[in-house]
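What follows is the residue order along each chain.
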Amino acid sequence: MGEGSTPLVKLENLSRMLGVEVYGKLEFLNPTGSFKDRGMTVGVSVAASFGYRIVAAASTGNTAASMAAYARRAGVEPVILIPKGGIASGKLSQIQALGAWILEVEGTFDDSLEAARTAAVKGLAYSLNSINPYRLEGQKTIAFEILEDLDSVDYVVVPVGNAGNISAIWKGFKEASLLGLPSIKPRMVGVQAEGASPLYKAWASRSGAVERVRNPSTIASAIRIGNPVNAAKALRAVEESGGLMASVSDGEILKSLRILAEHEGMLVEPASATSLAGLIRLRSEGVIRDGRRVVLILTGHGLKDPKALEFIAKGAGFRRTSANTTEEALLKLEEIAAHSV
Ligand SMILES: *Cc1c(COP(=O)(O)O)cnc(C)c1O
């Protein structure tokens, strides 16, 4: 459906504000509105070629929307396991409109994932969870595309949930030279939300031991995950690249969401804004120095989470008024014009 080949756009205003050279990889422009499409087109194709009739995944929403779309095209049945009440409304509508089976499971995402993995082991369906290796093969193309567009990169900042994406992108950078692409190895920065940050904690403690977070909580539902399946790979990516993990609060995430809207005209979902929140945090702590070149992976579309958009709209003071007649509308427009000069 035209997945991948997303634009890499210089964020001029943010670059000026933050004193670094910031680029956004606009992954929210993929066909179903998130980077998940890169891996799902590969995963569903493989499932179909193996002769599976049913594909299944536990999801915080975007994996499900993507799997449903590609399953439709491949003519296989999509079954989705979601944590009850735990996914953004735009994603739920998307999944429903694509006619996927939805199985709401009481508990957290991690409970849904456990059920999906057990079903796969019993041979009931082909599992397209983040642990699926073919999905990661698709997702690593993000690295190839960055190398096609830039001749140097210091940092790549990725929001981290189940930790498949950061692992896949690093794999891409490591394999790039096999394709004749330049061998540039940026530092990988993984950003988690404070209330769901087992990998940050493992990294910060230097022990590398990942402790499951029992009740993960954050406004960023796409990364509300307490027991990341790709934990070991992600920690290795961070270490091998000389990178780091960071954690940010929901307040910082929402502020970043608003900054992207206000200064760059881009609406992303909260999990996406986590990468900017991480950059802002690391700049203020002096970890990322002046003038460095940073790529933010902007993972999911703003329209997926209307509630989050309403929240930042309220913060911006709802610039909204009304008129009963065309004459009144003209008067209001004159007032607005007078305010704006
Ligand atoms: C899936 C997802 C993430 C997290 O990616 P992982 O591979 O699970 O770490 C981040 N942002 C959005 C919008 C997502 O859909």
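Residues numbered from 1 in each chain as written. Predicted model: local features only at pLDDT ≥ 70, side-chain atom pairs only at ≥ 80, totals over all residues. Heavy atoms only, no water.

Counting secondary structure elements, the chain contains 14 helices and 10 strands. Against the 2.2 N^0.38 benchmark of 20 Å for 341 residues, the chain shows a C-alpha radius of gyration of 20 Å, consistent with a compact globule. In terms of overall dimensions, the chain has a C-alpha envelope of 65 × 45 × 40 Å along the principal axes. Taking all 341 residues of the chain together, 53% fall into the buried category. Taking the intrachain contacts of the chain between residues at least 6 apart in sequence as the baseline, contacts between residues at least 24 apart amount to 72%. Carbon and sulfur atoms form 52% of the exposed surface of the chain, whose accessible area is close to 15100 Å². (Helix = DSSP H or I, 4+ residues; strand = E, 2+ residues; numbered from the N terminus. Rg over C-alpha atoms; globule rule 2.2 N^0.38 Å. Buried < 20%, exposed > 50% of the residue type's maximum accessible area, 1.4 Å probe, protein only. Contact = heavy atoms within 4.5 Å. Areas by Shrake-Rupley, 256 points an atom, 1.4 Å probe, with all protein chains shown as cover.)

Before going further, it helps to spend a moment on the packing of helix α8 (residues 164–175) against helix α10 (residues 231–240). Two elements in contact, α8 and α10, have axes separated by 8 Å at closest approach and are oriented at 45°. Classified by the interaxial angle, the pair formed by α8 and α10 is oblique. Taken as a pair, α8 and α10 cross one another with a handedness that is left-handed. Contacts between α8 and α10 involve Ile-166, Ser-167, Trp-170 and Lys-174 on the former and, on the latter, Lys-233, Ala-234, Ala-237, Val-238 and Glu-240. Here the contact of α8 with α10 is composed, by residue class, of five nonpolar, one polar and three charged. (Axes fitted to C-alpha atoms, helices over the stretch in contact; angles between N-to-C directions. Parallel < 35°, antiparallel > 145°, perpendicular 65-115°, else oblique. Left-handed = near helix turned anticlockwise from the far one by under 90°. Nonpolar A, V, L, I, M, F, W, Y, C, P; charged D, E, K, R; others polar.)

This next bit is on the packing of aromatic side chains. Taken as a whole and assessed by the stated rule, the structure comprises four aromatic pairs. Within the aromatic cluster, the residues linked to one another by ring pairs are Phe-50, Tyr-52, Tyr-126 and Tyr-134. For the cation-ring pair, Arg-206 lies above Trp-203, with the distance from its terminal atom to the ring centre recorded as 4.9 Å. (Phe/Tyr/Trp six-rings, centres within 6.5 Å; stacked < 30°, edge-to-face > 60°. Lys NZ or Arg CZ within 6 Å of the ring centre and 35° of its normal.)

Next up on the list: the site of the ligand. Around the ligand there are 16 residues in total, and Lys-36, Asn-62, Asn-162, Ala-163 and Thr-299 lie nearest to it. Interatomic distance of 2.6 Å between a side-chain N/O atom of Lys-36 and an oxygen atom of the ligand. Measuring from an oxygen atom of the ligand, one finds a backbone N or O atom of Gly-161 at 2.8 Å. Expressed as a share of its isolated accessible area of 380 Å², the protein-covered part of the ligand is 97%. In the shell around the ligand, the residues fall into seven nonpolar, seven polar and two charged. (Near = heavy atom within 4 Å. Polar contact = N/O pair within 3.5 Å; in protein donor to acceptor, adjacent residues only side chain to side chain.)

With that settled, the discussion passes to the UniProt feature "modified residue: N6-(pyridoxal phosphate)lysine" (unreviewed entry) in the chain. Look at the UniProt record and you will see "modified residue: N6-(pyridoxal phosphate)lysine" (unreviewed entry) annotated at Lys-36. Examined against the element boundaries, Lys-36 turns out to sit in helix α2 (residues 36–49). Residue classification places Lys-36 among the buried positions, given a relative accessible area of 13%. Filtering out sequence-adjacent residues up to four positions away, Lys-36 remains in contact with Asn-62, Thr-63, Ser-66 and Arg-135. (UniProt positions renumbered as here; feature names shortened; annotations may be inferred.)

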